[in-house]
Amino acid sequence: MQSTFDTLLMLLRYALGNEEKTLSAIPDNVDWDVLIRTATMGGVASLAFDGYVKSGLNDSPDCPLNSKKMRKLRLSWMGLEIPQRKNYERQLKVLRKLQTFFRRHGIEMQVLKGYPLSLCYPKPELRTASDIDIYCAEDYERSNKLIEKTGVTVDYSQHKHSVFTIEGVPVENHYHFLNVHGHRSSRQLEKLLHEKGISSPSATLLYLLRHSAENFTASQGRIRQVIDCGLYARKYNADIDWQWLCDTATLVGMKQYVDIVFAICVRYLGFSASLFPECEVDSELLNRSLNDILCPEFNDEHPANIMAELIYKMRRWRSNMWKHRIVYANENLMTTFLTQAWSHVLKPSSITYGMKG
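In this text, all values refer to a predicted model and were calculated from it rather than measured experimentally. (Residues numbered from 1 in each chain as written. Predicted model: local features only at pLDDT ≥ 70, side-chain atom pairs only at ≥ 80, totals over all residues. Heavy atoms only, no water.)

> Which residues make up the overall build of the protein chain, and what values go with them?
Counting its regular elements, the protein chain contains 16 helices and four strands. Looking at the protein chain as a whole, 53% of its 357 residues qualify as buried. Taking the intrachain contacts of the protein chain between residues at least 6 apart in sequence as the baseline, contacts between residues at least 24 apart amount to 69%. Carbon and sulfur atoms provide 53% of the accessible area of the protein chain, an area that totals close to 17,100 Å². Taken together, the 44 basic and 40 acidic charged side chains of the protein chain have centroids lying 5 Å from each other. (Helix = DSSP H or I, 4+ residues; strand = E, 2+ residues; numbered from the N terminus. Buried < 20%, exposed > 50% of the residue type's maximum accessible area, 1.4 Å probe, protein only. Contact = heavy atoms within 4.5 Å. Areas by Shrake-Rupley, 256 points an atom, 1.4 Å probe, with all protein chains shown as cover. Lys, Arg positive; Asp, Glu negative; His and termini not counted. Charge placed at Lys NZ, Arg CZ, Asp CG, Glu CD.)

Here it is, written out as structure tokens:
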């Protein structure tokens, strides 16, 4: 499995332009089916295939994936780029339509993550995104009402944002950047992000790091989110207040996670160490975190009834306690548990989120 993960990371380095040397040897013992499934779960399937092409593996007769026996698997991997590009174009079309619509009503809409991040990629259309995240500041309520007047249903059942669908594309309209009901440190960080100016590169990068950290602790991290952080840091490096970012990450108890992400970027994804502040990371914890991002330790499927789902979430929370110590270092585990339980009471639909059926 390690050879498979190492090969995936190598392909990503080629795709990101972080691997310049010519591939001299075909990796041994690679399970290409697992590699493609891991890349797909991590949101980097098309990006990894681009690395496969750039590395020269696609032209090598010695690569097992190019054999007649594995032709169907290779073609299915290559074919993922077609719907990927179509989805990117569809989201961009909806995004432009929303900007025009809100601007006509005097609302300046800010786009979070998504499209702006894709512009940091060598090939923007290869960055996957399941939805569009927007922020209308003090016009949050009015923006929802305007959408409803067009006949579109707006779902208010989620924390931190409402949700509606335009031409098949889900849109999350944020009133908070973070789920301030889930963790006390999230409320603290939300305030600090606003004080810094959420559109500033410093606040944006820390927001990206926190968003990826929340996914990492709650269920499964995504290697794409780590790549997002690395590419954003590379593009806006000179405009980032690194001292503020590190001090704020320490203040809210997530500095260890930030260091892990930066270390993954440098040691495994080929980004220059000069892009990031110096940091010390325990090698064992770093490897465990990377392996969990690629293949989570807790990987049970959601059940199909609500009581089983409650037990499932309890088991997952217990299994991921080691991650909470990395991301929410300043918070007591029992206090965190009670806070999160209360957040489910406030938004009961969050209990069944992800449940089958």
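> With reference to specific residues and values, describe the pairing of strand 4 (residues 169-174).
Counting buried positions over the six residues of strand 4 gives five, a clear majority of the element. Adjacent in sequence and paired antiparallel, strand 3 (residues 161-166) and strand 4 are bridged by two residues, among which E167 carries a positive phi angle near 50°. (Pairing = 2+ DSSP bridges.)

> Outline the packing of helix 9 (residues 201-218) against helix 12 (residues 255-267), listing residues and values.
Two elements in contact, helix 9 and helix 12, have axes separated by 11 Å at closest approach and are oriented at 100°. Considered as vectors, helix 9 and helix 12 are oriented roughly perpendicular to each other. Every residue of helix 12 that contacts helix 9 at L209, S212, A213 and F216 is listed here: Y257, V258, V261 and F262. Looking at the contact of helix 9 with helix 12 residue by residue, the class counts come to seven nonpolar, one polar and no charged. (Axes fitted to C-alpha atoms, helices over the stretch in contact; angles between N-to-C directions. Parallel < 35°, antiparallel > 145°, perpendicular 65-115°, else oblique. Nonpolar A, V, L, I, M, F, W, Y, C, P; charged D, E, K, R; others polar.)

> Explain the nonpolar core to me, using residue names and the numbers behind them.
The biggest cluster of nonpolar side chains holds 80 residues, and the ones touching the most others in it are W32, W77, L209, I223 and I227. Once you skip the residues sitting within four places of it in the chain, W32 turns out to touch T7, L11, Y52, L57, C63, P64, L65, M70, L73 and W77. Grouped together as the second largest cluster of nonpolar side chains are 20 residues, C136, L146, I147 and V171 included. (Core = buried A, V, L, I, M, F, W, Y, C linked by side-chain atoms within 4.5 Å.)

> Just give me the short version of the pattern of salt bridges, but keep the residues and values in it.
Applying the stated criterion across every chain, the model contains 18 salt bridges. Between R224 and D228 there is a salt bridge, with the nearest N and O atoms lying 3.4 Å from each other. Of this pair, R224 and D228 both sit in helix 10 (residues 223-235), four residues apart, roughly one helical turn. Look at R224 and you get buried, because its relative accessible area is 15%. Relative accessible area serves as the criterion here: at 4%, D228 is assigned to the buried category. Where D292 meets K323, a salt bridge forms, and the shortest distance between an N and an O atom there is 2.5 Å. (Salt bridge = Lys/Arg side-chain N within 4 Å of Asp/Glu carboxyl O.)

> If you had to explain the environment of E301 to someone new, which residues and values would you point to?
By the secondary structure assignment, E301 is in the loop between helix 13 (283-294) and helix 14 (306-319). Remark: the alpha-carbon pair of E301 and Y312, spanning eleven residues in sequence, is separated by 8.7 Å.

> Describe in detail a nonpolar patch on the surface, supporting the description with residues and values.
A grouping of I306, M307 and L310 is seen on the molecular surface, where their side chains present a nonpolar patch of about 280 Å² in accessible area. The topology assignment puts I306 in helix 14. (Patch = residues over 30% accessible without salt bridge, like charges linked within 9 Å, V, L, I, M, F, W, Y side chains within 5 Å.)

> An account of the sheet that holds strand 2 (residues 132-135) is requested, with residue identities and associated values reported.
One open sheet holds the four strands; their spatial order is 1-2-4-3, and the pairing between them is mixed. Whereas interior strands pair on both sides, the edge strands pair on one side only; in this sheet they are strand 1 (110-112) and strand 3. Averaged over all adjacent pairs, the angle separating strand axes in this sheet is 30°, with direction ignored. Where strand 2 lies against strand 4, four bridges are found, and the strand directions are parallel. For D133, the partnering residue across the bridge sits in strand 4 and is E172.

> Could you give me a rundown of the state of the cysteines, with the residues and numbers involved?
One pass over the full model with this rule turns up zero disulfides. With no disulfide of its own, C265 lies closest to C229 among cysteine sulfurs, the gap being 6.7 Å. (Disulfide = S-S within 2.5 Å.)

> Describe in detail the environment of E278, supporting the description with residues and values.
Tracing the sequence through the fold places E278 in the loop between helix 12 and helix 13. Taking relative accessible area as the criterion, E278 reaches 83% and is therefore assigned exposed. Sequence separation between E278 and F262 is 16 residues, and the spatial gap between their C-alpha atoms is 9.2 Å.

> Explain helix 7 (residues 140-149) to me, and be specific about the residues and the numbers.
Taken as a whole, helix 7 has its buried residues at Y140, S143, N144, L146 and I147. Buried residues in helix 7, looked at end-on, bunch into an arc of 160°, giving them a common side. Exposed side chains of helix 7 directed beyond 90 degrees from the buried face belong to E141 and K149. Its buried side turned inward, helix 7 meets helix 5 (81-104), strand 3 and strand 4. (Arc of directions from axis to C-beta.)

> I'd like to hear about the packing of aromatic side chains, residue by residue, with values.
The geometry of an aromatic ring pair comes down to the distance between the two centres and the angle between the two planes. Scanning all chains against the criterion turns up 16 aromatic pairs. Ring geometry for W32 against W77: centres 6.3 Å apart, planes inclined by 45°, an arrangement best described as tilted. With W32 in helix 2 (residues 32-41) and W77 in helix 4 (residues 71-79), this pair connects stretches of sequence that are 45 residues apart. No difference in accessibility class separates W32 from W77, as the two residues are buried. Three or more aromatic residues joined by ring pairs form one cluster here, namely W32, F49, Y52 and W77. The positively charged end of R288 is found above the aromatic ring belonging to W322, 4.0 Å away from the centroid. (Phe/Tyr/Trp six-rings, centres within 6.5 Å; stacked < 30°, edge-to-face > 60°. Lys NZ or Arg CZ within 6 Å of the ring centre and 35° of its normal.)

> Go over the side chain of E172 with me, naming the residues and quoting the values.
With respect to the element layout, E172 can be found in strand 4. In this structure, E172 is buried with no salt-bridge partner, the nearest side chain bearing the opposite charge being K113 at 5.2 Å. In terms of polar contacts, E172 uses its side chain to reach the side chain of H161, at 3.4 Å. (Polar contact = N/O pair within 3.5 Å; in protein donor to acceptor, adjacent residues only side chain to side chain.)

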